[in-house]
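# Observations on chain architecture
So the chains spell out like this:
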Amino acid sequence: MTTEILNGLGKRKKVFPPVGSCIYCGEREGTLGEEHIIPFGLGGNLILPKASCPKCSDITGRQVEGEVLNAHWGTYSSPRLRLNLPTRKPKKRPEQRTIKITDANGETRTVTVKASEAPLAFLGFTTEHARPGVLRGAEPSDRFTGSIWLKYDTDDVHKLAKPGENFDGVGRFSPLTYGRMICKIAHSLAVAEYGLDSFAPYLPDLILGKSNHLMQYVSAQASPEPDNHGLHNLHIGWLEKATPAYLVAYVRLFCSFGTPDYMVVVGRRRPDPAGPA
Ligand SMILES: [Zn+2]
């Protein structure tokens, strides 16, 4: 597999050539907005201009990224606040967080802490299978076959809870919505690096909520080894074992915290690639 490695968070942004059609539905008319390959709210600075129509932007922005990044209760609220990642609505950034702690007897209490001191926590998922269904010849299914993955900064936890106590300091989490965001990153990265014409895409229906076949295209194994290439790490390349080759992306957000590495099958090589590979 040949890979391109991109660090999602650098000092300077990287702007790819404009696409000129919506990378999700193919629309060429009307206003086409720019896509952040990694969401702006996670510090992403890889930009794909003229890449998304208003209708698809609304779905990916509100229903996918909005759900995951929402500053109050979203999956990534804790790292966004603690790492002071960018927001388009700075006035809406919460100043405090309320955390529910449950002791060994099931008694609960709540503590309120400054948002900047809320425990650092990372959410994601791992999958039962090491490789996505499409690479294993599996039948597409709506079923999620995996586990939710959660990691707290233990020093932060010990400041708030005693040993044996559980606490609820993280936001809501939906594997399907989170997976859609991972797919959106992988798909837009593939378009940026290889061009829309070089592959037959698998992911637009999943990203737009028209399909729930997440396990067909995504797998993730726990990767306890941190990776210090930057805040986020992306790889993409052709998996040449099959003909035509599969285009596969690896997406690891907050890699230095030992998060899972998501393998995403983006599509298959078109027989006659029009764009440069
Ligand atoms: Zn569109």
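As shown above, the structure is provided for reference.
An account of the accompanying structure is given in this report. Small disclaimer: the values here were computed from a predicted structure and weren't measured. Residues take numbers from 1 onward in each chain, read along the sequence in its written order. The predicted origin of the model limits local features to residues at a pLDDT of at least 70 and limits the giving and counting of side-chain atom pairs to 80 or more, whereas totals for whole chains, interfaces and linings rest on all residues.

Turning next to helix 5 (residues 175–194). With 20 residues, helix 5 should reach 28 Å at 1.5 Å per residue; the first-to-last C-alpha distance of 28 Å fits that figure. Counts of 20 or more other C-beta atoms within 10 Å of a residue's own C-beta define buried residues, counts of 12 or fewer define exposed ones, and intermediate counts define partly exposed ones; C-beta atoms are placed from the backbone. Secondary structure is summarised from DSSP: a helix means a run of H or I of at least four residues, a strand means a run of E of at least two, and numbering begins at the N terminus for each. Along helix 5, 18 of the 20 residues are buried, which leaves the element largely enclosed by surrounding structure. After helix 5 finishes, the residue Gly-195 shows a positive phi value of roughly 85°. A helix is expected to span 1.5 Å for every residue after the first.

Position of Ile-101 among the secondary structure elements: in strand 5 (residues 96–102). On the neighbour-count criterion, Ile-101 (17 C-beta atoms within 10 Å) is partly exposed. With 76 residues separating them along the chain, Ile-101 and Cys-25 place their C-alpha atoms 45 Å apart. The contact criterion used is a C-beta to C-beta distance within 7 Å, with each C-beta placed from the backbone. Discounting residues that sit within four places of it in the chain, Ile-101 has contacts with Thr-108, Arg-109, Val-111, Leu-160, Ala-161, Glu-165 and Phe-167.

Before going further, it helps to spend a moment on the sheet that holds strand 5. Ordered in space as 6-5-9, the three strands form an open sheet in which the pairing is antiparallel. Of all strands in the sheet, those with a lone pairing partner are strand 6 (108–114) and strand 9 (166–168), marking the two edges. If you compare each strand with its neighbour and ignore which way they point, the axes differ by 30° on average. When DSSP locates at least two bridges between a pair of strands, those strands are taken to pair. Of the pairings in the sheet, the one linking strand 5 to strand 6 comprises seven bridges and is antiparallel in character. Across the sheet, residue Gln-96 finds its bridge partner in strand 6, namely Lys-114. Here, axes are lines fitted to C-alpha atoms. For helices the fit covers the stretch in contact, and angles between N-to-C directions go from 0 to 180 degrees.

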